[in-house]
Structures are given as structure tokens and as C-alpha cells.
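Chains, contacts and geometry: an overview
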Amino acid sequence: MLATKNYKFWFCTGSQDLYGDECLAHVAEHSKIIVAKLNESGVLPYEVVWKPTLITNELIRKTFNEANVDEECAGVITWMHTFSPAKSWILGLQEYRKPLLHLHTQFNEEIPYDTIDMDFMNENQSAHGDREYGHIVTRMGIERKVVVGHWSDVNVQERIASWMRTAVGVIESSHIRVMRVADNMRNVAVTEGDKVEAQLKFGWEVDTYPVNEIAEAVAAVSESDTNALVDEYYDKYDILLEGRDPQEFRRHVAVQAQIEIGFERFLDEKNYHFGDLGALKQLPGLAIQRLEEKGYGFGAEGDWKVAAMVRLMKIMTAGKKEAKGTSMLEDYTYNFVKGKEGILEAHMLEICPSIADGPISIKCQPLSMGDREDPARLVFTSKEGHGIATSLIDHGNRFRLIINDVDCKKTEKPMPKLPVATNYWTPQPDLYTGAEAWILAGGAHHTAFTYDLTAEQMGDWANAMGIEAVYIDKDTKIREFKKDLMLGNLFKECGVTDRLSDTAQNAMMNIVTIFLGLCVGAKATGTTFLSVQTIYVILL
């Protein structure tokens, strides 16, 4: 089930005691007002908690370590009201382990032209203090989000709100457990991956169970429980008999109800947040779709990466007003008609109904695989609007998250003979460029899709996880895209990022200095070259 903690975010204001107690009292008062107004705005999805002003190394370190062990704290927002010497933050930042946002703001929105004096300047110098703090965070190589603007600006508040959802995704990532039923589809490459590395990098625990253990849980579901859920189906969804006998149809639907109950009980018992069919009578369709709607992640054909990403996205979007939905999808077929280009997204059975637009129907149709009864499934078309399709892929020695902005739309005509849920979209910047970039980046045919997150949010999550993020959007051009991929491949596949950095700072800098001296010296007289200015440049 989609149950998340009552997360909170700590608001930590930096200052120092150089300017006296009155100044510190103003700092505390101002930060309390900011926190109160942020919470009253109605924009933020989580509560902000004020913390006492941080002015010493000991207090900063203590506060950050308390944040680490507080299970409700999902991240820390930092702001320097006055100047705050950055060395005081080093130990605390080194030991801090959760998402970090640097809010570069100030209490006053406008310069008080008529009354401003040096007391005001000393007390309100975020432009100074935040740069000092920002410098040390960058020097330490710590991943964080920087948001600039006045705290009352709704755009600033929305950026903080967006980051909060990413931060919760980072925290919850370490709690994701994936249950694989049997293994991935035979000989399929893209659904494979290094599960040990995924646990090290993302915190994901990926386990495998034989399908007949789940089949036993399904068989244990009582007839009364099954019939009660079937009645719920018939009340909630349109029933499309399409010439089938009503009793036979209901029996097929009852199999899915029994699977839903049995699966969910098994997942709950084993503490999971969700080819081989064993003793199952049908390939799970309607049952899995409803479990996804309840908040479980799902990846077809053993695709544990997609299952984890769908679950992660559902957590990140939990409680969002007017949410449009999140689901696993699969690329199926193209429309290449000029001006109408797009990709038809679907899967045999398991698309989440949270993305549905309009009525949802139950159909019972045969499958050409699985050697089982005709499975019942939910059939619908999806909402229009902007979304993002993501693919987390394993390149052998690193993970890459591909993020594609897509524009979802209705198909030109209905598809009455297609008995599955569908989505239809055109990838940005267009079908041809978007598909080419996706293939060049190594993207999978399965995607974790949502209407309710942005590319920036998922990119921030990737950055926090320490993996590569690749963006395909309205600005993508293949030539530049190839260069970005090449640079990422060079640095990450060769495993020489640290050595390149060290070389650039030391040996390469010395070589450049020598060549600079030789080139300039070859064209200058001794008295001109050996001046105070040129010697100073060499010493640099």
C-alpha cells in the first residue's frame, strides 16, 4: 500500500555572534516568520520545522547528526541570514547524510532605501553569507539543491515544494523492496542488472520467490472474499461482455479478484511494497492493475528496476493535489504519419488505472502466450498532457537515468479491437529526435512514467544517488547529445574521474604554466619577460 511517513524538513539558519545578542534575536525572529509563512502558504507538501540559529561548529554538527537519526526528518533547508564562517560547517556537512537544500534568500524583499545603515547591512547580508556557505559546500563536493529568490515568492515556494518530493524519494529509496516472481523473461537483456550494485547505490532490496509460493497464497483466498471483491469490480467498472456468457465472464473476473487478494496478502506478509506462471490460472492482469493503483510498483517480465522506479515515483507524488497518475508503460508501435507522429504505449495487461481518462472497463480476452485461461483486465485510454518517461539502465559499471519529456494526447481514431489500456505520446523534441536520442542513450522499452513529476525532480534524485542523468527534451539536438554521452562515457566508463580532477589541479596546471612561460618568453626580451607581473603569473 502507498503509506508514507509524516515527513518534515528542518529549517536551519546560519549566523555568528559577532554582531551581538540583539542581532541574533532578530535572526531567530525572522527565520521563525519565514518558516510560519512557508507552512501557511499551502504550497509545500510537507511541514517545515524551525531550528535554533546555528552559530558554532559544535551546534551545527549536533543539529546535522540529530537530523540524520530523526526518522521524520527528510532533509534540511539551510539559509545564512548574516555572515556565517564556512569552516564552522565542515564537520556537520561531512557527517550529514540526508538531502540538503540551500535557500539563498533574505528576510527583506526590498532595500530600505530611506533607513538603511551599517547595522542593517551587518544583520542582513545573505548575499555575503550564502556565498561563503555555498563555497564550502561546493568545495566539499556535496550534492545539494540551490533555490534563489525571496521566500514569499510563489515560484520560490514551488521550487522548494518540488525539491521536497525529490528529497522524500531519496529517503524512501533505501526502503524499497522488490519481489520478483520467478526471474526475468528468458534472454532479455534490458530487464537484467546488477542487484548488488543497485542495493549499494539506491538501497533497493531485490528478492526472488518461486511463483508457486504466491499461487498458494492465491489459492488460500476464500470464496466469500473473492465474491465481495468481484462485486466491487462490477460496481466500479464498466463490464464489456462482447458476446461472452455472463456467468463465464464473472468466473474469469473472479480469478483476478482472487489473485489480487492473494498477491496483496503475500506482499503484506513479506513486507513488500510490490514467463513462469506455475499454478496460477491466469496471467495476472486486473489484479496487478489494482495493486498498482494502491501504490505498489510493477515491472513486467521481471523488470525490477522499473518496479522500483514506479514505486519511487508513486511515493514522490503521494498526496499531490490533482495528481494525474503514474504507471509502468512499454513502447509498442509508432505512427509515422507526418504531423501526427507518436508512440503507442501499452502492455498486455498491467497498466495502472491511475493514468486513465474517462470510463474504465473490464474485458476478458485470450492471450497468445502463457497457456492459461483468458485473463480479465482493465481497459482504458490515458489522460492528455505533459509527462516524463524514465528508464534506469545498467551499463555494466554504472547506472544511467534517462529522462524524456513527452506530450500525451489522444489517438486519431479509437481502437476497438485492442483489449488493453493505452497511452499515446510524442516524445520531445519530436518523435525522430527523441527516439534516436533514447536509443543512443541505451534506453529500455519499459518505462516508469508519470504526469506528476518534472525532469528536474528526477534529475535531482539521480544526482543525490550519484548516478548519471540524461535529459531528452525540447532543446535536444543529436550532435550535442552525442557529445554529452561521449563525455559521460569517457569519465565514468574509464573510472578516471578522480584522476582527471587531480591532474587538472596539479600536473596539468604545471604543464600549462611552463608552456605559457615558454610561449610568452620566446617573443619577449629578458627585461620585459622577467617583470613583477609575469613572475606573479608563474607563481600562481
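Computed from a predicted structure; not experimentally measured.

Notes on the nonpolar core
Judged by nonpolar contacts, the single largest core of 77 residues is most densely connected at M458 and W461. If you tally residues by element for this core, the top one is helix α10 (residues 246-269), at 10 residues. Excluding residues within four positions of it along the chain, W461 makes contact with T166, G169, V170, S173, F202, W204, M309, L312, L401 and I467. Counting residues in each nonpolar core, the second largest holds 25 residues, with F9, Y46, A161 and V168 among its members.

Some remarks on a nonpolar patch on the surface
A contiguous nonpolar surface patch, about 520 Å² in accessible area, is contributed by I111, Y113, I116, M118 and M121. When you line up the elements, I111 lands in the loop between β4 (100-104) and α4 (118-123). According to the relative accessible area criterion, I111 is partly exposed, its value standing at 43%.

Observations concerning helix α12 (residues 304-316)
Across its 13 residues, α12 extends 18 Å between first and last C-alpha, which sits within 8% of the 18 Å expected from 1.5 Å per residue. Of all the 13 residues making up α12, 13 are buried; the element is thus mostly covered by neighbouring parts of the structure.

Topic: the pairing of strand β17 (residues 468-472)
Successive side chains on a regular strand alternate, one facing one side of the sheet and the next facing the other. Of the two faces of β17, only one is covered, namely that formed by E468, V470 and I472; the face formed by A469 and Y471 stays uncovered. By the bridge criterion, five bridges tie strand β14 (residues 399-408) to β17 in an arrangement that is parallel. Residue pairing across strands places R400 opposite E468, the latter belonging to β17.

Points about unusual backbone geometry
The phi torsion of most residues other than glycine is negative, and most of the peptide bonds are trans. The amide bond that connects Q428 to the next residue, P429, takes the cis arrangement and shows omega of 0°. The backbone of E242 shows a phi angle near 50°, a positive value even though the residue is not glycine. For E242, the position within the fold is in the loop between β8 (238-239) and α10. Positive phi, close to 55°, is recorded for E322, a residue that is not glycine. Mapping E322 onto the fold places it in the loop between α12 and β9 (326-335).

The rules we used
- In this convention, every chain numbers its residues from 1, walking through the sequence in written order.
- The predicted nature of this model means local features are confined to residues of pLDDT at least 70 and side-chain atom pairs, given and counted, to a pLDDT of 80 or more, with totals for whole chains, interfaces and linings taken over all residues.
- Hydrogens are left out, water is left out, and the side-chain values use all remaining heavy atoms of the structure.
- To qualify as a nonpolar core, a set must consist of buried Ala, Val, Leu, Ile, Met, Phe, Trp, Tyr and Cys residues joined through side-chain atoms within 4.5 Å.
- Between buried and exposed lies partly exposed: a residue is buried under 20% and exposed over 50% of the maximum accessible area for its type, with that area taken using a 1.4 Å probe on protein chains only.
- Counting from the N terminus, the helices are the DSSP runs of H or I reaching at least four residues and the strands are the DSSP runs of E reaching at least two.
- Only heavy atoms matter for contacts: two residues are in contact if any of them lie within 4.5 Å across the pair.
- Grouping into patches uses exposed residues only, defined as over 30% relative accessible area, and leaves out salt-bridged ones; the cut-off is 9 Å for like charges and 5 Å for nonpolar side chains (Val, Leu, Ile, Met, Phe, Trp, Tyr).
- With residues, only the protein chains shown are counted as cover, and all accessible areas are computed by Shrake-Rupley using a 1.4 Å probe.
- Salt bridges are defined as contacts in which a side-chain nitrogen from Lys or Arg sits within 4 Å of a carboxyl oxygen from Asp or Glu.
- By this rule the span expected of a helix is its residue count minus one, scaled by 1.5 Å.
- For two strands to be treated as a pair, DSSP must find no fewer than two bridges joining them.

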